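Observations on chain architecture
Each chain, written out:
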Amino acid sequence: MNDHRALGAALLAIVSLLLLACPEESGRGPIVDEAMAAGRTADSMPQADEDYFQRMDGGIALDEDEVKGRNTWLVWTAGNDAFWDYLANNSFGVFDLLKIISSHPSLPNRRSNRFSYLGLINEPGFEQATAPDPERYGLWLDRRVGPPDPFENAAKYPGVKIGARGDNLPVGSLYGEATGVLGLRLFPNPDFDQEAAARWDAERYYTDPSYYNDKDLVRPYRVGMSCAFCHVGPNPVNPPADPENPAWENVSSNVGAQYFWIGRIFTFNPDPSNFVWQLINAPYPGSLDTSLVATDSVLNPRTMNAVYQVGPRLLAAQKWGRETLAGGGLDNDQLPDLTFPPPIGTLRSFEPPDAVWTPHVLKDGSDSVGILGALNRVYINIGTFHQEWVNHFNLLVGGKPQSPMEIAVAKRNSAYWQATNDRAINLAKFFLKASSPHLLKDAPGGAAYLSDDAAVLARGKEVFADHCARCHSSKLPEPPPGIDYFSPEYDEWTASDDFKQQMRRLVLAEDFLDGNFLSNDHRYSVAELGTNVCSALATNALAGQVWDNFSSQTFKSLPAVGPVEVWNPYTGSYDVYDMPGGGRGYTRSPSLVSLWSTAPFLLNNSVGTFVNDPSVAGRMRSFDDSIEKLLWPEKRPGTIFRTTETSYLRVARGYLPDFLERLLELFDKEMIEIGPIPAGTPVGLLGSLDLDLTDARKKLELAEVLAQVIKELKKVEGKSDEEAAAALRPLAPKLLALSKCPDLVVDRGHEYGSELADADKRALIEFLKTM
């Protein structure tokens, strides 16, 4: 039997099994996290109180609670080192954080290029490894040359004693050890017993795929991740002279990881011929698909949020951030009412029996269950209590029904969850103190980029008031009696002369930008915005899905936004796509705080040129290009994420279920391989296929289409990309019809202001620079 035909037939059987099988849940007892299994409680996990990071964030003075809050942000990993180690052994041989923090010569990344290549922030006080470290099992990890890290004090912060910890390994600290990368912490691996130690070979770990691709490999360390990994970055108003060697003064806790290269971080050995790499590498730097692990089969990268003006944002939520809860969402703990000095005052949180006053944090406003719920969802999503979490979805691949991650279960069975809850108030206090804007006027040389023409700035303010402020200001006029904020009547009123006159008075006031979040935090229909709809099609927060307990009933009850037009590059025309409801179809209004430093624009960083330089000049190069393309949308290229080389969808034998491994052995194959997928193929064509279909007919249809793709691409193996593209073209409409997001153009929409005269656009830009 022809080898390719046999493999194709086998793959069709595999696809059918994956799509048509509905495995039943097997009975199991309660699952607990490692801390609870070791007899630890939240009370035994003290909050770190050393002001080790005092020189960060502009050297702002913090009280003891605020210091604890910053330390939580920067070094608290909540037991997720267990998850990232689990993922290293269950990610098809592409992901390994221990290699990301290494400087072995075989790796494309090392400390000397960590910022430029990965977009990560080197922790001051370390130097690059130049040889294997015998005290660290031959690994090439950064060496400390600065003062000791107080969070490594195992006597003050005793770690969780489990497995080999306390046997042939030290127990270590609750906060692990610094790695030399801000946001990543190092922990002894409790599975690294004497047998694993005897098998360990550091050089083979770096260089031998047959060794490091073994899913049973036990590494001597696990790497934990704090919030800082995705949110720390170079300080815009005090940038480092050398981004690879920042001082503490050059680092900010809240700007967001704007230079983060997700494809390079999550694939330690980039292989453009692997479609998985093409999929992960598609997003622009500074953005990532946060449903990458608990996949919803939608390619929807989003920027990592900067955390600015927390006080004003919470104040705005007191006015129009009311959300109702139901079901498991009612199990979210809520902050008590907190009182702060003016202008903040008292912040209410919970309104019995079922309402909260809360900002919308995620781009679609789905995590609208209160500050604590939003924070806890983030920690779960980066691996806290993964022992339970990963049972509610099919890791990385999807293709089977999800179920809700229940808050009640986490409260009962995760000491790390409880300890994270305990830290939330201090974290909020830190950001209330330390989330002020980074203003261009305060940056070195920043004044040279600002206009001193009072008439131009005044005109820019008027244009902003008339065309931008209704969405991008937390200071808004009170609507007339009988009109509620964001009602259809309110939207009509904001187009009136009455609103514009009142808004102009607000914007022209000297204190307009003071305490202004520069967003109303409201959800808007993507049918109105015209932006790429994939982010608004995320499904993990819908009823019955993994984040069901972390989204409000208000979100789940949002009406469907109706049909939208999406460009079909295969037909050269627009298709009509009927947007589903249940919470989908919306994007919250983003903040414009420190807009000069946050380009490129839109929720996926697609509008404007990315400049891999955090200097003021580098940021302004990106801003100038991005704002031009935002206000003159005809200058946008109409970008579609496309594969850069001929690629194959490969899954290594070691990462397949046992019965699939045996199937490959029959054909003497080391991996499943589907392709050749020609260079220039839209990544979303395959990356957003709906593997979560519940309709049996649709499942069969998808299986048949995939079988056709496999068959037709095998016919053109060894031929040109043009021939492979021609083979794929007739099947593209069928693939798009089975997609969870058929919208392939990522830099479209938000064309507000495009109709303005050029002089008004230029005046507006000058005002935007002052934010």
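For clarity, every value in this text was computed on a predicted model and none was experimentally measured. (Residues numbered from 1 in each chain as written. Predicted model: local features only at pLDDT ≥ 70, side-chain atom pairs only at ≥ 80, totals over all residues. Heavy atoms only, no water.)

A short note on the sheet that holds strand 5 (residues 221-225)
As a reminder of what qualifies: Pairing between strands requires that DSSP locate at least two bridges from one strand to the other. Secondary structure follows DSSP: runs of H or I at least 4 residues long count as helices, runs of E at least 2 residues long count as strands, and numbering of each begins at the N terminus. Residue contacts are defined here by distance: any two heavy atoms, one from each residue, within 4.5 Å place the two residues in contact. Between N-to-C directions, angles cover 0 to 180 degrees, with each direction set by a line fitted to C-alpha atoms, over the stretch in contact for helices.
Taken in spatial order, the three strands line up as 3-4-5 in an open sheet, and their pairing is antiparallel. Two strands close off the open sheet at either side, each with one partner strand: strand 3 (177-178) and strand 5. Bridging between strand 4 (residues 184-188) and strand 5 involves five bridges; their strand directions are antiparallel. Residue pairing for strand 5: L184 is matched across the bridge by M225. Running at roughly 115° to strand 5, helix 4 (residues 81-88) makes contact with strand 4 and strand 5 of the sheet.

Focus: the sheet that holds strand 13 (residues 350-351)
Judged by pairing direction, the sheet is antiparallel, and its three strands sit side by side in the order 10-14-13 without closing on themselves. Each edge of the open sheet is held by one strand with a lone partner, namely strand 10 (322-324) and strand 13. Note: strand 10 against strand 14 (residues 355-357), three bridges, orientation antiparallel. What sits directly across from T324, in strand 14, is A355.

Some details on helix 3 (residues 64-75)
Given 3.6 residues to a turn, an α-helix orients residues that are three or four positions apart in the same direction. Applied cut-off: Between the first and last residue of a helix there are one fewer steps than residues, each counted as 1.5 Å, and that sum is the expected span. Burial here depends on accessible area, computed with a 1.4 Å probe over protein chains only, as a share of the maximum for the residue type. Under 20% is buried, over 50% is exposed, and the range in between is partly exposed. By the criterion applied in these results, polar contacts are pairs of N or O atoms within 3.5 Å in which, for protein atoms, one can donate a hydrogen and the other can accept it, and in which residues neighboring in sequence qualify only through two side-chain atoms.
Its 12 residues place the ends of helix 3 16 Å apart at the C-alpha level, agreeing with the 16 Å of an ideal helix rising 1.5 Å per residue. For helix 3, the tally of buried residues reaches 10 of 12 residues, placing the bulk of the element in the interior. All of the buried residues in helix 3 are E66, V67, K68, G69, R70, N71, T72, W73, L74 and V75. Contact partners of the buried residues in helix 3: strand 4, helix 10 (228-231), helix 14 (371-381) and helix 17 (415-434). Two to three positions downstream of the cap, the backbone nitrogen of D65 sits 3.1 Å from a side-chain oxygen, assigning the N-cap of helix 3 to D63.

Looking at the side chain of Q278
Its place among the elements puts Q278 in helix 12 (residues 275-281). There is a polar contact of 3.1 Å between the side chain of Q278 and the side chain of T644. Each residue touching Q278, except ones within four places of it in the same chain, is listed here: P272, R642, T643, T644, E645, S647 and V683.

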